[in-house]
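Now for the letters of each chain:
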Amino acid sequence: MEVCIYGRGGQGGVTLAELVAHAAIREGKYAQSMPSFGPERRGAPVLAFLRVNETERIKIRTEIAEPDVLVVLDPGLLHVGDVASRLKKEGTAVVNTKKAPEALKADFKGGNKVAVVDAMSIAKEILGLPIVNTTMIGALIKATGLVKLESLEEPMTERFGKVAAKNIEAMRKAYDETVVR
């Protein structure tokens, strides 16, 4: 499965890709993550890539042109460039928004599955910060089943130390609140 993560500098899109890749590897899958950004600063658009394969080593290390899954950390990025149009026809869009999935269907090709969660509100409530990466992991897992939620606990603990429990709580709450259509 190929995933593109669109966010802004400081939202944690690159970390999201890394954490899910580590979880997939812990499950015995093959995975890779890589960022795509230049000298951007906080707030500038950032793109990260994630590949997960259950049976074969991943030998390609290029940008993903047409992902199976599109994760959008900042809904304002849906209308920047060709973000929405890159998703495969039968792909899945996972969007941080207060809108219902039906309100976003027109942004994507026919046949796309759309999953939404208000990740910003969850992050502010639980983490006290507007950083939605771990929250959006819950939405990604709910929409795709890419890895098990439990497989993310160890990578998050290693990455976040003392604040890992709050990040895990935010991920689980987003998983529960994600609506998929």
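Here, every reference points to the structure presented above.
Figured I'd write up the structure that's included with this text.

The rules behind these values
- Residues numbered from 1 in each chain as written.
- Predicted model: local features only at pLDDT ≥ 70, side-chain atom pairs only at ≥ 80, totals over all residues.
- Heavy atoms only, no water.
- Helix = DSSP H or I, 4+ residues; strand = E, 2+ residues; numbered from the N terminus.
- Buried < 20%, exposed > 50% of the residue type's maximum accessible area, 1.4 Å probe, protein only.
- Contact = heavy atoms within 4.5 Å.
- Areas by Shrake-Rupley, 256 points an atom, 1.4 Å probe, with all protein chains shown as cover.
- Lys, Arg positive; Asp, Glu negative; His and termini not counted.
- Charge placed at Lys NZ, Arg CZ, Asp CG, Glu CD.
- Pairing = 2+ DSSP bridges.
- Salt bridge = Lys/Arg side-chain N within 4 Å of Asp/Glu carboxyl O.
- Polar contact = N/O pair within 3.5 Å; in protein donor to acceptor, adjacent residues only side chain to side chain.
- Axes fitted to C-alpha atoms, helices over the stretch in contact; angles between N-to-C directions.
- Expected span 1.5 Å × (residues − 1).
- Left-handed = near helix turned anticlockwise from the far one by under 90°.
- Nonpolar A, V, L, I, M, F, W, Y, C, P; charged D, E, K, R; others polar.

## Quick look at the overall build of the protein
Phase 1 of the analysis: The secondary structure content of the protein amounts to six helices and seven strands.
Phase 2 of the analysis: Along the protein, helices (α) and strands (β) appear in the sequence β-α-β-β-β-β-α-β-α-α-α-α-β when read from the amino end.
Phase 3 of the analysis: The principal-axis extents of the C-alpha atoms in the protein amount to approximately 40 × 40 × 35 Å.
Phase 4 of the analysis: Counting across all 181 residues of the protein, residues that qualify as buried make up 49%.
Phase 5 of the analysis: Counted over contacts in the protein with a minimum sequence separation of 6, partners at least 24 positions apart contribute 60%.
Phase 6 of the analysis: Accessible area of the protein: about 8600 Å², with a carbon and sulfur share of 51%.
Phase 7 of the analysis: Here the protein contributes 26 positive and 23 negative side-chain charges, whose respective centroids are spaced 2 Å apart.

## Observations concerning the pairing of strand S4 (residues 69–72)
Phase 1 of the analysis: Because side chains alternate across S4, one face comprises the buried residues Val69 and Val71, and the other comprises Leu70 and Val72, equally buried.
Phase 2 of the analysis: Where strand S1 (residues 2–8) lies against S4, four bridges are found, and the strand directions are parallel. By the bridge assignment, isoleucine 5 is partnered in S4 with valine 71.
Phase 3 of the analysis: Across four bridges, the pairing between S4 and strand S5 (residues 92–96) is parallel. Residue leucine 70 lies in a different strand from S5, and its bridge partner there is alanine 93.

## Thoughts on the pattern of salt bridges
Opposite charge on two side chains permits pairing when their charged atoms draw close.
Phase 1 of the analysis: Scanning the model with the defined rule gives eleven salt bridges in all.
Phase 2 of the analysis: With a closest N to O distance of 2.4 Å, arginine 172 and glutamate 153 form a salt bridge. Taken together, the residues arginine 172 in helix H6 (residues 164–177) and glutamate 153 in helix H5 (residues 153–160) connect sequence positions 19 residues apart.
Phase 3 of the analysis: Overall, arginine 172 belongs to the partly exposed group, its relative accessible area being 30%.
Phase 4 of the analysis: For glutamate 153, a relative accessible area of 30% translates into the label partly exposed.

## A closer look at the environment of threonine 97
Phase 1 of the analysis: Within the element layout of this structure, threonine 97 appears in the loop between S5 and helix H2 (101–104).
Phase 2 of the analysis: Residue threonine 97 is classed as buried on the basis of its relative accessible area, which comes to 10%.
Phase 3 of the analysis: Leaving out residues up to four positions away in the same chain, threonine 97 has contacts with Pro75, Leu104, Val116, Val117 and Asp118.
Phase 4 of the analysis: From its side chain, threonine 97 meets the backbone nitrogen of lysine 99 in a polar contact 3.1 Å long.

## As for the sheet that holds S4
Phase 1 of the analysis: Sheet architecture is open: seven strands sit in the order S2-S3-S1-S4-S5-S6-S7, paired in mixed fashion. What marks the edges here is a single partner per strand, and that holds for strand S2 (30–36) and strand S7 (179–180).
Phase 2 of the analysis: Pairing of strand S6 (residues 113–117) with S7, which is carried by two bridges, proceeds in the antiparallel orientation. Bridge pairing in S7 places valine 116 opposite valine 179.
Phase 3 of the analysis: Packing against the sheet, helix H1 (residues 13–26) makes contact with S1, S2, strand S3 (45–53) and S4, and its axis sits at approximately 10° to S3.

## Re H1
Phase 1 of the analysis: An ideal rise of 1.5 Å per residue puts 20 Å on 14 residues; H1 measures up with 20 Å between its terminal C-alpha atoms.
Phase 2 of the analysis: Regarding H1, the residues found buried are Gly13, Thr15, Leu16, Ala17, Leu19, Val20, Ala21, Ala23 and Ala24.
Phase 3 of the analysis: Each element contacted by the buried residues of H1 is listed here: S1, S2, S3, S4, helix H4 (133–144) and H5.
Phase 4 of the analysis: Glycine 28 occupies a position one or two residues after H1 and carries a positive phi of about 85°.

## Digging into the packing of helix H3 (residues 119–126) against H6
Phase 1 of the analysis: As a packed pair, H3 and H6 sit with axes 10 Å apart at the nearest point and diverge in direction by 145°. Here the hand of the crossing between H3 and H6 comes out right-handed. In this structure, H3 uses Ile122, Glu125 and Ile126 to contact H6, whose residues at the interface are Lys166, Glu169, Ala170, Lys173, Ala174 and Glu177.
Phase 2 of the analysis: Classifying every residue of the contact of H3 with H6 by side-chain character gives four nonpolar, no polar and five charged.

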